[in-house]
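Survey of secondary and tertiary structure
One-letter residues, chain by chain:
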Amino acid sequence: MKSKIFQLFQLKYLALVVSAFCIAGCSIGGGDKDKSEEPEIMLDMSELDKELFQDIGQVKKIFYSLPSPLETAMMIRSAGAGYNEELLNPVDNAANYTTNKSMALNLGSYTCDLSFVSLYDQTEASVNYMNAAKKMADGLGILDAINDETIQKLEENVNNRDVIMEIISETFMNSSSFLHENDRASVAAIVLVGGWMEGLFLATQMVDPDSIYNNNLVDRIMDQKLSINIVVKLLEESMDNLDVQSVMADVKDIMATFDKVKLTTTPVETSLDQETNVTTLKSKTESNITPDIFRELQEKVKTIRTKYIS
Amino acid sequence: MKRFLYLLIVTSVLALIPLTSNAQCKGFAKKICRLELNPFIHDGNYHAAILTEGEEAELYKTFYSDQDYRLAICGSDNLPEIEFTILDANQNVLYSNKDHDFKRTWDFKLESSQQLKIAVKVPVGGDESEEPMSGCVAIMFGLKIK
């Protein structure tokens, strides 16, 4: 009898130890999990040579980095875009988002709009958009990414753009790191796509399709042909998730329009300014975008973004 | 029963190790590496992982013209100095911190937008017979508000 009980305990110990190592192994960095789900070949053949494919087997962790909502908003502003509040996702819509997918997409969208209004010193709107982003983060169970102290700090610094940008950056990082640490990379990816799509919507809506030549904003929009490859790679890492699959279908639809545009670039040369210690990467890029293709892109992005914020 | 409880505690601690490591990595990125970006504003993206000596990571990102960037790549104190290389889409090396005393940061801007690859390596340091060290490596980007 004693021996049987001892054997039973031994089995329990074994099960516990195995379970512990399984949990430990599955959780480490989240990166290993991502890696195991990645296809063997994940890089764009058109841009990377065969030598790289030989290297990739030895690489432990691959990151696909999309422009954050903050970077997207800064890019739109530095391209010379004006402020148009009517284009933004109304904060009242926040109450409509109840699914994980809609909250993730609109956490991205509201963070982009928050960055955008803050860059144009729209103080009241900044607080409203931070509150809307907080609702999304809370709904997704992202603990303390944006808390009451964050809102208070924002209110106290509404006239200090640098501090506001720091607050936005920190809250976005809190959300992103929380999601990655809790094996919710699929949600983190959807948040990024939501912000990216919002930026693409704002930028395309600010351009008249009949005036696309010698336009900085159009150049930045065409640059998204480069980023969309990274969007696809990022989503591919979580294709077992149904929400990611539907977002991927939208992204592929936009990609089909970008595929009609040819981007050509000259080889990159580097130049270091010894005084400032800043390196400039020198090259020239041209695209053969036409008003018709731009109009098609504008319409597709509008349709998808309207679906996301409805 | 005592043995059972002891094993339960041990296994629980083992299960929590990865979560603790992740939390430490977040703290390291936020409290230490982020400071390297100053006076640039962190873009808000989080890229960090636990790497072991001899391991590599890669990051792909499109960088835009009209934007000033600072890249910061930091490893926790127990790791040797982190190597990183920047390559363009044709695999040409644009920058390597090996040629600059393993500096943690690189400031750059672009005349036209480019998709770049950042290759990161944790070199094998010290005695090869020793157990390889693991630690957090963070890759962060700073932007300049204009």
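Here the residue index of a chain counts from 1 through its sequence in written order. In the order they appear in the text, chains get letters beginning with A and ligands get numbers beginning with 1. Totals for whole chains, interfaces and linings use every residue, but because this is a predicted model, local features are given only for residues with pLDDT of at least 70 and side-chain atom pairs only at 80 or more, for both listing and counting. To get the side-chain values, all heavy atoms of the structure are used, and hydrogens and water are removed first.

1. Points about the overall build of chain A
- Only DSSP runs of H or I covering at least 4 residues are called helices, and only runs of E covering at least 2 are called strands; the numbering of each starts at the N terminus. The helix and strand inventory of chain A stands at 12 helices and five strands.
- With 310 residues in all, chain A has 53% of them scored as buried.
- By definition, residues are in contact when any of their heavy atoms lie within 4.5 Å. Residue pairs in contact within chain A that sit at least 24 positions apart in sequence constitute 73% of those at least 6 positions apart.
- Under the convention used here, a 1.4 Å probe and the Shrake-Rupley method define accessible areas, while residue burial counts only the protein chains that appear. Accessible area for chain A stands at about 14,200 Å²; split by element, carbon and sulfur atoms hold 50% of it. Exposure is judged per residue with a 1.4 Å probe applied to protein chains only, and the accessible area is read against the type maximum: over 50% gives exposed, under 20% gives buried, and values in between give partly exposed.

2. A closer look at the side chain of A:D223
- Among the structural elements, A:D223 can be located in helix α10 (residues 216-236).
- Look at A:D223 and you get buried, because its relative accessible area is 5%.
- Not counting residues up to four positions away in its chain, the partners in contact with A:D223 are B:T62, B:Y64 and B:S113.

3. Points about the state of the cysteines
Residue and element names in this part refer to chain B.
- The rule for a disulfide is simple: a pair of cysteine sulfur atoms within 2.5 Å. Going through the model one piece at a time under the given rule, you end up with two disulfides over all chains.
- In this model C25 forms its disulfide with C136; the gap between the sulfur atoms is 2.1 Å. On the sign convention where negative is left-handed, the bridge of C25 and C136, at about 90 degrees about the S-S bond, is right-handed. With C25 in helix α1 (residues 2-31) and C136 in strand β9 (residues 134-143), this residue pair connects regions lying 111 residues apart in the sequence.
- The residue that forms a disulfide with C33 is C74, at a sulfur-sulfur distance of 2.1 Å. Between C33 and C74, the S-S torsion sits near 75 degrees, and that sign places the bridge as right-handed. Of the two residues, C33 sits in the loop between α1 and β1 (41-42) while C74 sits in strand β4 (residues 68-75), which places them 41 residues apart along the sequence. No difference in accessibility class separates C33 from C74, as the two residues are buried.
- Once the disulfide-bonded cysteines of chain B are ranked by sequence position, their pairing pattern turns out to be 1-4, 2-3.

4. Some words on the sheet that holds strand β1 (residues 61-65) of chain A
- By this definition, two strands are paired if DSSP reports at least two bridges between them. As summarised here, the arrangement of the five strands in space is β1(A)-β3(B)-β8(B)-β5(B)-β6(B), forming an open sheet in which the pairing is mixed. If you trace the sheet from one side to the other, it starts and ends with β1 of chain A together with β6 (93-96) of chain B, each paired once. The sheet shows a mean angle of 20 degrees between the axes of neighbouring strands, taken without regard to direction.
- Bridging between strand β3 (residues 56-63) of chain B and strand β8 (residues 114-121) of chain B involves eight bridges; their strand directions are antiparallel. Among the inter-strand pairings, B:A57 is bridged to a residue of β8(B), identified as B:V120.
- Packing against the sheet, α10(A) makes contact with β1 of chain A together with β3 and β8 of chain B, and its axis sits at approximately 145 degrees to β3(B). Helix axes are fitted only over the stretch in contact, all axes being lines through C-alpha atoms; the angle between N-to-C directions runs from 0 to 180 degrees.

5. Some details on the packing of aromatic side chains
- Centres within 6.5 Å are what make two rings of Phe, Tyr or Trp a pair, Trp counting through its six-membered ring; a difference in plane orientation under 30 degrees is then read as stacked, over 60 as edge-to-face, and the rest as tilted. Evaluation of the coordinates by the stated rule reveals 13 aromatic pairs over all chains.
- For the pair A:Y110 and A:Y129, a centre-to-centre distance of 5.8 Å together with 55 degrees between the ring planes defines the contact as tilted. On the criterion of sequence distance, the pair formed by A:Y110 in helix α5 (residues 100-119) and A:Y129 in helix α6 (residues 123-139) is long-range, its members being 19 residues apart.
- Judged by relative accessible area, A:Y129 falls into the buried class, the value being 5%.
- Measuring from centroid to centroid gives 4.3 Å for B:W106 and B:F108, while their planes differ by 10 degrees, and the two rings are stacked.
- Classification of B:F108 as buried rests on a relative accessible area of 2%.
- Among the aromatic side chains, those forming a connected cluster through ring pairs are B:F63, B:Y69, B:F84, B:Y95, B:W106, B:F108 and B:F141.
- A cation over a ring is seen here: A:R77 above A:Y120, with NZ or CZ 5.3 Å from the ring centre.
- The side chain of B:K61 reaches across the aromatic face of B:F141, ending 5.4 Å from its centre. In this analysis the charged atom, NZ for Lys or CZ for Arg, is taken to sit over a ring once it is within 6 Å of the ring centre and within 35 degrees of the ring normal.

6. Side note on the pattern of salt bridges
- In the sections that follow, a salt bridge refers to a side-chain nitrogen of Lys or Arg positioned within 4 Å of a carboxyl oxygen of Asp or Glu. Taken as a whole, this structure holds 18 salt bridges over all chains when the rule is applied.
- Between A:E170 and B:K30 there is a salt bridge, with its nearest N and O atoms 3.7 Å apart. With A:E170 in helix α8 (residues 161-181) and B:K30 in helix α1, the pair connects residues from two separate chains.
- Among the salt bridges present, the one from B:E58 reaches B:K117, with a minimum N-O distance of 3.5 Å. Note that B:E58 is positioned in strand β3 and B:K117 in strand β8, a separation of 59 residues in sequence.
- You can call B:E58 buried: its relative accessible area is 4%.
- Here the residues in one salt-bridge network are A:D253, A:K260, A:E296 and A:K300, joined through shared partners.

7. What about helix α7 (residues 148-156) of chain A?
Residues and elements named next belong to chain A.
- What α7 keeps buried is the set T150, I151 and L154. Summarising the axial view, the buried residues of α7 lie within an arc of 95 degrees, below the 170-degree limit, and thus occupy one face. Among the exposed residues of α7, those pointing more than 90 degrees away from its buried face are D148, E149 and E156.
- Lining the buried residues of α7 we find α6 and α8.
- The distance from a side-chain oxygen at the start of α7 to the backbone nitrogen of E149 is 3.1 Å, and the residue carrying that oxygen is N147. Relevant arc is that of directions from the helix axis to the C-beta atoms, nothing else. Polar contact is the term for a pair of N or O atoms within 3.5 Å; when the atoms are in protein, one must be able to donate a hydrogen and the other to accept it, and sequence-neighboring residues count only if both atoms are side-chain atoms.

8. Focus: α5(A)
All names here are of chain A.
- Here a helix's expected span is defined as the number of its residues, less one, multiplied by 1.5 Å. Across its 20 residues, α5 extends 28 Å between first and last C-alpha, which sits within 8% of the 28 Å expected from 1.5 Å per residue.
- Counted residue by residue, α5 has 18 buried out of 20 residues, so it is predominantly covered.
- Just downstream of α5, D121 is the residue with a positive phi angle, here 55 degrees.

9. Structural notes on the packing of α5(A) against helix α9 (residues 185-205) of chain A
Residues and elements named next belong to chain A.
- For the pair α5 and α9, the least separation of the axes is 7 Å and the interaxial angle reads 45 degrees. By the angle class used here, α5 and α9 are oblique. As for how α5 packs across α9, the hand of that crossing is right-handed. On α9, the residues touching K101, A104, L105, L107, G108, S109, C112, D113 and F116 of α5 are V187, I190, V191, G194, G195, E198, G199 and L202.
- Residue polarity follows a fixed list, in which Ala, Val, Leu, Ile, Met, Phe, Trp, Tyr, Cys and Pro are nonpolar, Asp, Glu, Lys and Arg are charged, and the others, Gly among them, are polar. Taken together, the residues that form the contact of α5 with α9 break down as nine nonpolar, five polar and three charged. Here the word oblique covers every angle except those under 35 degrees (roughly parallel), over 145 (roughly antiparallel) and from 65 to 115 (roughly perpendicular). Note on convention: near helix rotated counterclockwise from far helix by under a right angle means a left-handed crossing. Clockwise means right-handed.

Functional significance is not addressed by these values, which are geometric in nature.
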